[in-house]
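Close look at the chain arrangement
One letter stands for each residue in the lines below.
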Amino acid sequence: MHWMIEFLLFVILIVSAVVGLSVRNLLAAAVILTIFSFLTAAIMVSLGAIDVAFTEAVVGAGAVGVFSIVAILMTSRKSRD
Amino acid sequence: MSSGNVELCRKEAAMMAPTESPIIHLASRGISPVILLIGLYVFFHGHYSPGGGFQGGVLLAAAILLLRLSLGTSLSQPIMPSWITLRLSALGALIFAGIGLVAVLFGGNFLDYHFLPMPWLDPAYLRYYGILMIEVGVTITVMTTLVSIYDDLLGC
């Protein structure tokens with residue numbers, strides 16, 4: 001039962017990483033990267049590393065998300081390449 | 001870094017003006033103290049359970065960044081002014097290095113809490129309070145540096 005939850009988390013993690021790298025809208029990419037961070041934190045919880053999960057959730061899903069969204073708001077919204 | 005409380009940030013006025021919605025204002029003003037409280041809780045659990053100075057500092061910074069995002073930089077100046085952030089960051093680093101150097105002065109290694117000059121405490125409690133003082137410095141530095149990064153991104 002436990003490995004099924006972990007397998008599901010890994011699948012959503014890979015999907016979110018691929019989608020976050022391929023999407024053109026930079027704001028959507030920042031939000032999907034935040035989802036990636038949060039899923040990494042959930043995987044760390046399932047591995048038993050509560051402290052790493054705490055740091056990942058707070059920094060990756062909190063501070064870095066805010067910073068990248070502010071940086072995107074100061075440049076252009078869409079990627080051109 | 002601006003020094004005035006009422007001076008509006010140029011880039012913020014051009015790019016992301018503070019929202020006028022009363023719902024967002026009320027919600028962020030209500031949620032931010034709760035995040036501050038959770039940050040303090042995490043900070044005081046640094047010795048013996050998950051948590052610590054870094055995570056508590058980021059949570060304290062997240063509470064202030066929430067106010068900066070919703071109310072705008074100029075309205076959220078009273079809770080943490082822009083001119084104080086880098087100075088508090090230097091103070092936190094000074095606390096960290098100072099406690100380590102006090103241990104060196106009294107004959108130990110760097111950050112060896114056993115040699116701190118507090119002879120009325122048991123060695124176990126000496127290390128306990130030594131770690132607590134180190135965490136105070138780490139928390140102050142992490143919190144104010146994150147707020148300072150946000151202010152510098154907007155050019156305030």
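First, a word on scope: everything that follows refers to the structure included in this document. Numbers given to residues run from 1 along each chain, matching the order in which its sequence is written. Chains carry letters from A onward and ligands carry numbers from 1 onward, assigned in written order. For a predicted model such as this one, the threshold for reporting local features is a pLDDT of at least 70, and the threshold for listing and counting side-chain atom pairs is 80 or more; totals across whole chains, interfaces and linings nevertheless cover every residue. Note that water and hydrogens are dropped before the side-chain values are worked out from all heavy atoms of the structure.

**With respect to the overall build of chain A**
- The helix count covers DSSP runs of H or I at least four residues long, the strand count covers runs of E at least two residues long, and both are numbered beginning at the N terminus. Regarding its fold elements, chain A presents three helices and zero strands.
- Shown N-terminal to C-terminal, the secondary structure of chain A runs as helices and strands in the order α-α-α.
- Considered along the principal axes of its C-alpha atoms, chain A spans approximately 45 × 25 × 10 Å.
- Put simply, chain A has 81 residues, and 27% of those count as buried.
- Total accessible area on chain A stands at roughly 5,000 Å², and carbon and sulfur atoms take up 77% of it.
- Counted as positive: Lys and Arg. Counted as negative: Asp and Glu, with His and the chain ends omitted from the count. Throughout, a charge is located at the NZ atom of Lys, the CZ atom of Arg, the CG atom of Asp or the CD atom of Glu. Positive and negative side-chain charges of chain A, numbering 4 and 4 respectively, have mean locations separated by a distance of 25 Å. Remark: exposure states derive from per-residue accessible area (1.4 Å probe, protein chains only) relative to the maximum for the residue type, with buried under 20%, exposed over 50%, and partly exposed in between. Here the Shrake-Rupley method, with its probe set to 1.4 Å, supplies the accessible areas, and only the displayed protein chains count as covering residues.

**Description of the interface of chain B and chain A**
- Contacts are residue-level and defined by heavy atoms, with any inter-residue pair within 4.5 Å sufficient. The partner chain A presents 12 residues to the 17 residues of chain B that form the contact.
- The term buried area means the drop in 1.4 Å probe accessible area that two parts suffer when joined, counted for both and summed. Summed over both sides, the interface of chain B with chain A buries roughly 1,400 Å², with 87% coming from carbon and sulfur.
- Counted as salt bridges are all cases of a side-chain nitrogen of Lys or Arg within 4 Å of a carboxyl oxygen of Asp or Glu. Summed over the shared surface of chain B and chain A, the result is zero salt bridges.
- In the analysis that follows, any N or O atom pair within 3.5 Å is treated as a polar contact, provided that within protein one partner can donate a hydrogen and the other can accept it, and provided that, for residues neighboring in sequence, both atoms belong to side chains. The interface formed by chain B and chain A contains two residue pairs in polar contact (both at pLDDT 80 or more).
- Looking at the side of chain B that touches chain A, the elements that each hand over two or more residues are helix 3 (53-71) and helix 5 (123-154) of chain B.

**What to know about the environment of Ala90(B)**
Residue and element names in this part refer to chain B.
- Examined against the element boundaries, Ala90 turns out to sit in helix 4 (residues 82-105).
- The partly exposed category is assigned to Ala90, whose relative accessible area is 47%.
- A sequence separation of 55 residues divides Ala90 from Thr145, and the C-alpha atoms of the two residues are 9.3 Å apart.

**A short note on the packing of helix 2 (residues 22-44) of chain B against helix 3 of chain B**
Residue and element names in this part refer to chain B.
- Only the stretch in contact is used when fitting a helix axis, every axis being a line fitted to C-alpha atoms; angles between N-to-C directions are given from 0 to 180 degrees. The geometry of helix 2 relative to helix 3 is characterised by a closest axis approach of 7 Å and an angle of 170° between their N-to-C directions. When the interaxial angle is binned, helix 2 and helix 3 end up roughly antiparallel.
- The residue inventory of the contact of helix 2 with helix 3, partitioned by class, reads 14 nonpolar, seven polar and one charged. Roughly parallel refers to an angle under 35 degrees, roughly antiparallel to one over 145, roughly perpendicular to one between 65 and 115, and oblique to any angle outside these ranges. Asp, Glu, Lys and Arg are counted as charged, while Ala, Val, Leu, Ile, Met, Phe, Trp, Tyr, Cys and Pro are counted as nonpolar; the rest, among them Gly, fall into the polar class.

**A closer look at the pattern of salt bridges**
Residue and element names in this part refer to chain B.
- Tallying each qualifying case throughout the model produces two salt bridges over all chains.
- One salt bridge in this structure joins Asp151 and Arg68, with 2.7 Å as the shortest N-O distance. With Asp151 in helix 5 and Arg68 in helix 3, this residue pair connects regions lying 83 residues apart in the sequence.
- A relative accessible area of 2% means that Asp151 is categorised as buried.
- Of the residues examined, Arg68 reaches a relative accessible area of 1% and is grouped as buried.
- Where Asp112 meets Arg127, a salt bridge forms, and the shortest distance between an N and an O atom there is 3.8 Å. In this pair, Asp112 sits in the loop between helix 4 and helix 5 while Arg127 sits in helix 5, placing the two residues 15 residues apart along the sequence.
- Residue Asp112 is classed as buried on the basis of its relative accessible area, which comes to 19%.

**Some remarks on the packing of helix 2 (residues 26-47) of chain A against helix 3 (residues 50-74) of chain A**
All names here are of chain A.
- Close contact between helix 2 and helix 3 brings their axes to 8 Å; oriented N to C, the two are set at 175°. As the angle between them shows, helix 2 and helix 3 are arranged roughly antiparallel. Of the residues in helix 3, those touching helix 2 at Leu26, Leu27, Ala30, Thr34, Ser37, Thr40, Ala41, Met44 and Val45 are Val52, Ala53, Glu56, Ala57, Gly60, Ala61, Gly65, Ser68, Ile69 and Ile72.
- When the residues that make up the contact of helix 2 with helix 3 are grouped by side-chain class, the tally is 12 nonpolar, six polar and one charged.

**Concerning the packing of aromatic side chains**
Residues and elements named next belong to chain B.
- Note on aromatic pairs: the rings of Phe, Tyr and Trp (six-membered ring only in Trp) are paired at centre separations within 6.5 Å, and the planes decide the class, stacked below 30 degrees, edge-to-face beyond 60, tilted for the rest. Summed over all chains, the structure comprises four aromatic pairs over all chains.
- Ring geometry for Phe43 against Phe44: centres 4.6 Å apart, planes inclined by 50°, an arrangement best described as tilted.
- The class of Phe44 is partly exposed, set by a relative accessible area of 44%.
- Pairwise contacts between aromatic rings join Tyr125, Tyr128 and Tyr129 into one cluster.

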